[in-house]
Amino acid sequence: MSGRRTTRLTSDQRREQLVGIGLEMLADRSLDELSTDEVARRAGISRGLLFHYFDSKRDFYRAVVRAECDRFTAATEPDGSLEPVAWMRAFIAGFVAYVLEHRQVYLALVRGAAGSHPAVTDIVGVTRETVARRVHDGRRRLGMPDAPQAELATRAWMAFAEEAATTWPAEQPGARDELCAFIESSLVQLLGLLDRPQVLTPR
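Residues numbered from 1 in each chain as written. Predicted model: local features only at pLDDT ≥ 70, side-chain atom pairs only at ≥ 80, totals over all residues. Heavy atoms only, no water.

(A) Geometry of the overall build of the protein. Within the protein one finds nine helices and zero strands. Secondary structure elements in the protein, listed N-terminal to C-terminal, are α-α-α-α-α-α-α-α-α. With 203 residues in all, the protein has 41% of them scored as buried. For the protein, contacts bridging at least 24 residues in sequence account for 68% of all contacts bridging at least 6. For the protein, the computed accessible surface area is about 12000 Å², with 52% contributed by carbon and sulfur atoms. (Helix = DSSP H or I, 4+ residues; strand = E, 2+ residues; numbered from the N terminus. Buried < 20%, exposed > 50% of the residue type's maximum accessible area, 1.4 Å probe, protein only. Contact = heavy atoms within 4.5 Å. Areas by Shrake-Rupley, 256 points an atom, 1.4 Å probe, with all protein chains shown as cover.)

(B) Fine view of the UniProt feature "DNA-binding region" (unreviewed entry) in the protein. Under the present numbering, the feature "DNA-binding region" (unreviewed entry) in UniProt falls on residues 35-54. Helix makes up 75% of residues 35-54 and strand 0%, whereas the separation of the span's terminal C-alpha atoms amounts to 14 Å. (UniProt positions renumbered as here; feature names shortened; annotations may be inferred.)

(C) Structural context of the packing of aromatic side chains. All told, the structure shown has nine aromatic pairs when counted by the stated rule. Look at Phe54 and Phe60: their rings are 5.1 Å apart centre to centre, the planes differ by 75°, and that puts the pair in the edge-to-face class. Across this residue pair, the class does not change: Phe54 and Phe60 are buried. Taking 5.2 Å as the distance between ring centres and 40° as the angle between the ring planes, the aromatic pair formed by Trp168 and Phe182 counts as tilted. One end of the pair, Trp168, is in the loop between helix H8 (150-167) and helix H9 (175-192); the other, Phe182, is in helix H9, with 14 residues separating them in the sequence. Here a set of aromatic residues connected by ring pairs shows up, and it is made of Phe72, Phe95, Tyr98 and Tyr106. (Phe/Tyr/Trp six-rings, centres within 6.5 Å; stacked < 30°, edge-to-face > 60°.)

(D) Fine view of the pattern of salt bridges. Tallied over the full model, the rule gives 15 salt bridges. A salt bridge links Arg29 to Asp28, with the nearest nitrogen and oxygen atoms 3.0 Å apart. Judged by relative accessible area, which is 18%, Arg29 ranks as buried. The partner of Arg42 in a salt bridge is Glu38, and the shortest N-O contact between them spans 2.7 Å. In this pair, Arg42 and Glu38 are both assigned in helix H2 (residues 36-43), four residues apart and thus about one turn of the helix distant. Exposure remark for Arg42: the relative accessible area of 40% places this residue in the partly exposed category. (Salt bridge = Lys/Arg side-chain N within 4 Å of Asp/Glu carboxyl O.)

(E) Structural detail: the nonpolar core. Counting 30 residues, the largest nonpolar core has Phe91, Ile92, Phe95, Val96, Trp157, Leu179 and Ile183 as the members making the most contacts within it. Among the elements of the structure, helix H5 (84-101), helix H7 (121-141), H8 and H9 are those that each provide at least two residues to this core. Here this core gets nine residues from one element, more than from any other, and that element is H5. Other than its neighbours up to four places away in sequence, Ile92 contacts Trp157, Cys180, Ile183, Glu184 and Leu187. (Core = buried A, V, L, I, M, F, W, Y, C linked by side-chain atoms within 4.5 Å.)

Following this line, the structure appears as structure tokens:
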């Protein structure tokens, strides 16, 4: 008889394991393509046992998306004791680092089907609101007055920053620092236009 023992996972540990497998699989597929059969197989359990830990496929999807969104918001939360400019740069650096290191999962969840998936729309929406509040907080810390177009400018910049981070050639030397500087410059210029909009010079 073998002396080897199998470690029995607690319910919380098993849920965490299954969610982790789901996140790993999202590196090369959309949320709709996430197979609970394959998740169970990778975990070494039956599909029926997976649904002992999650009420339904929808419940499992929500747990995966919530875990990813929680990791994202935690990674982009700067130290509150930083000076205003350092705080804003820490926010941008955290955003860039997270997206570059988890690009495919980020695309699958925030930019992909999950962005409009009925099972998780609310979770993704709360995450976007959290990021928007941080941009607003950054503006407040920098002493910039509120403007009628501030909310619109914030969301426009978020879309710009997201597109830049998900398409930037990350394999090039110094890519992360260049991307941070690019996104920071875009924010400074956009916020500077809130009170002084400019148009193209007439020909």
